Amino acid sequence: MRKNKNKSKKRKIFAYSLLAVFLAVLAAVSWYVYSGYSQMKGLQKSDSESRFGQFESKPEDKPPEWTGTERVNVLLMGGDERGLREGEVPRSDSMLVASIDPSTKRIHLFSVLRDTYIEIPGHGKDRANAALAIGGPELAMKAIGNLLDLDIQYYVYVDFQGFIKLVDAIGGVDFYVEKDMHYTDAADGHVYDIDLKKGQQHLDGEKALQYVRFRHDKLSDFTRTERQRNFLKAVADKLQSGWNIVKLPQIIGEISPYIETNLSPEDMLKLASLGFKSHQAGSAQVPPMELISEERVGGAAVLGVRDLDELQQYVREVLATDSSVSPSPSPSASPSASDAEGGSPGGSE
């Protein structure tokens, strides 16, 4: 009888121990979620805190709501705030649209060339990067959404320092720099000079910013936007690593002062969950080269769109593809000469 009592007592102790461990784990998880949630709240700025606080929200520019089941589109904007006076709003130095389909779990990235001459709703035509400075993030979302024929629900804006902090917070990124890159500018006291060597290397925040900003070659912004898409994919892959997931609240806290978004913490959690289940299925430049016309407006060079309908059809075609899936080889297909010789096709920089 005493033996059975001892066994029963041991079971209770064991059960209580398990309960204690469970409660400790639950408390840790709760703290982690609360900590991350609190940090995410800081990404949404009040009018008094926001660099875009002077812009009134207009009903015609209000972004559509995302229910979680339909395609979601996020406008990512990088701003160059050097030389701005207090109250001035930057143009968007870089613009990318991340488009995610919850049903197929595909993510597509579109780089929008900043000098594309587009219709800014209510303000006539101007360069695409001017929409942010003219009417704030909601007008920029509306203008870029009209260009691509996509409903853009969210935006994320980050300045140079925010980009540097993000890359440093995830421990930098191992990346192949495809060419030597050099550029100096005395206008900002050489703070943002570019000096990178060709080859595989570890890029910290400052070096990463140099890489995504470089456009001083023959194709200027055309090659820069491709570099930005490739580097953002590397950043996304690094963010999904186990240690960075654990550090997520800390990472968000470090970059919070430099970022603005209309994503609520709840939307961020939904989007993060969808993002971790999805894969990058493709990326593209908009407008594509074949739909660009070089024009001059007021003596300045801009990039015209030859045919808006064709551009939007191009966007739909990109969204329908998945470049991560290799096509099945035809049974009758024979290896190419380079394959037979063990070679690989070359590429240009």
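Higher on the page you've got the structure.
Residues numbered from 1 in each chain as written. Predicted model: local features only at pLDDT ≥ 70, side-chain atom pairs only at ≥ 80, totals over all residues. Heavy atoms only, no water.

Peer 1: What is the right way to look at the overall build of the protein in this model?
Peer 2: Across its full length, the protein holds 10 helices and 14 strands. The burial tally for the protein puts 42% of its 349 residues in the buried class. Within the protein, contacts between residues at least 6 apart in sequence are counted, and of these 69% link residues at least 24 apart. (Helix = DSSP H or I, 4+ residues; strand = E, 2+ residues; numbered from the N terminus. Buried < 20%, exposed > 50% of the residue type's maximum accessible area, 1.4 Å probe, protein only. Contact = heavy atoms within 4.5 Å.)

Peer 1: So what exactly am I meant to see when it comes to the environment of Asp-309 here?
Peer 2: In this fold, Asp-309 is placed in helix α9 (residues 308-319). Residues Asp-309 and Leu-147 lie 162 residues apart in sequence; the distance between their C-alpha atoms is 9.4 Å.

Peer 1: Mind showing me how you'd approach the sheet that holds strand β1 (residues 72-79) here?
Peer 2: The sheet built from 6 strands is open, its strands ordered β11-β6-β1-β2-β3-β12 with mixed pairing. The open sheet has two edge strands, β11 (259-261) and β12 (279-286), and neither has a second partner. Adjacent strand axes in the sheet meet at a mean angle of 20 degrees, parallel and antiparallel pairs treated alike. As paired elements, strand β3 (residues 106-112) and β12 share 7 bridges and run parallel to each other. If you follow Val-112 over to β12, its bridge partner there is Val-286. Packing against the sheet, helix α2 (residues 130-148) makes contact with β1, β2 (92-101), β3, β6 (154-159) and β12, and its axis sits at approximately 135 degrees to β1. (Pairing = 2+ DSSP bridges. Axes fitted to C-alpha atoms, helices over the stretch in contact; angles between N-to-C directions.)

Peer 1: What's the story with helix α7 (residues 248-255) in this structure? I'm lost.
Peer 2: Within an α-helix, residues lying three or four positions from one another point in the same direction, as the helix has 3.6 residues per turn. Of the positions making up α7, those classed as buried are Pro-249, Ile-251, Ile-252 and Ile-255. What you see down the axis of α7 is that its buried residues fit within an arc of 160 degrees, all on one side. (Arc of directions from axis to C-beta.)

Peer 1: What is the right way to look at the packing of aromatic side chains in this model?
Peer 2: The description of an aromatic ring pair uses the distance of the two centres, along with the angle that the planes make with each other. Under the counting rule described, the total for this entry stands at 6 aromatic pairs. Here the aromatic rings of Trp-66 and Tyr-154 are separated by 6.4 Å at their centres, their planes lie at 90 degrees, and the arrangement is edge-to-face. Remark: Tyr-154 occurs in strand β6 and Trp-66 occurs in the loop between α1 (2-41) and β1; sequence separation between them is 88 residues. The same class applies to Trp-66 and to Tyr-154, which are both buried. (Phe/Tyr/Trp six-rings, centres within 6.5 Å; stacked < 30°, edge-to-face > 60°.)

Peer 1: Honestly, the side chain of Glu-260 in this entry has me stumped. Any pointers?
Peer 2: Note on placement: Glu-260 falls in strand β11. For Glu-260, a relative accessible area of 3% gives the class buried. At 2.7 Å, the side chain of Glu-260 forms a polar contact with the side chain of Ser-50. Separated by 2.9 Å, the side chain of Glu-260 and the backbone nitrogen of Arg-51 make a polar contact. The residues contacting Glu-260, other than those within four sequence positions of it, are Leu-43, Lys-45, Ser-50, Arg-51, Phe-52, Tyr-155, Val-156 and Tyr-157. (Polar contact = N/O pair within 3.5 Å; in protein donor to acceptor, adjacent residues only side chain to side chain.)

Peer 1: When you look at a negative patch on the surface in this model, what are you seeing that I'm missing?
Peer 2: A cluster of acidic side chains, namely Asp-168, Asp-204, Glu-206 and Glu-254, defines a negative patch on the protein surface. Take Glu-206: its relative accessible area is 53%, and that puts it in the exposed class. (Patch = residues over 30% accessible without salt bridge, like charges linked within 9 Å, V, L, I, M, F, W, Y side chains within 5 Å. Areas by Shrake-Rupley, 256 points an atom, 1.4 Å probe, with all protein chains shown as cover. Salt bridge = Lys/Arg side-chain N within 4 Å of Asp/Glu carboxyl O. Lys, Arg positive; Asp, Glu negative; His and termini not counted. Charge placed at Lys NZ, Arg CZ, Asp CG, Glu CD.)

Peer 1: For this particular structure, what's the right way to read the nonpolar core?
Peer 2: In summary, soluble globular proteins display a tendency toward joint burial of nonpolar side chains. Val-173, Leu-203, Tyr-211 and Phe-231 are the most contacted members of the largest nonpolar core, which has 40 residues in total. A per-element tally of this core places helix α3 (residues 160-169) first, with 6 residues. Those residues in contact with Tyr-211 that sit more than four places away from it in its chain are Phe-175, Tyr-176, Val-177, Glu-178, Met-181, Leu-196, Leu-203, Arg-227 and Phe-231. Membership of the second largest hydrophobic core comes to 31 residues, among which are Phe-52, Ile-120, Ala-131 and Leu-311. (Core = buried A, V, L, I, M, F, W, Y, C linked by side-chain atoms within 4.5 Å.)

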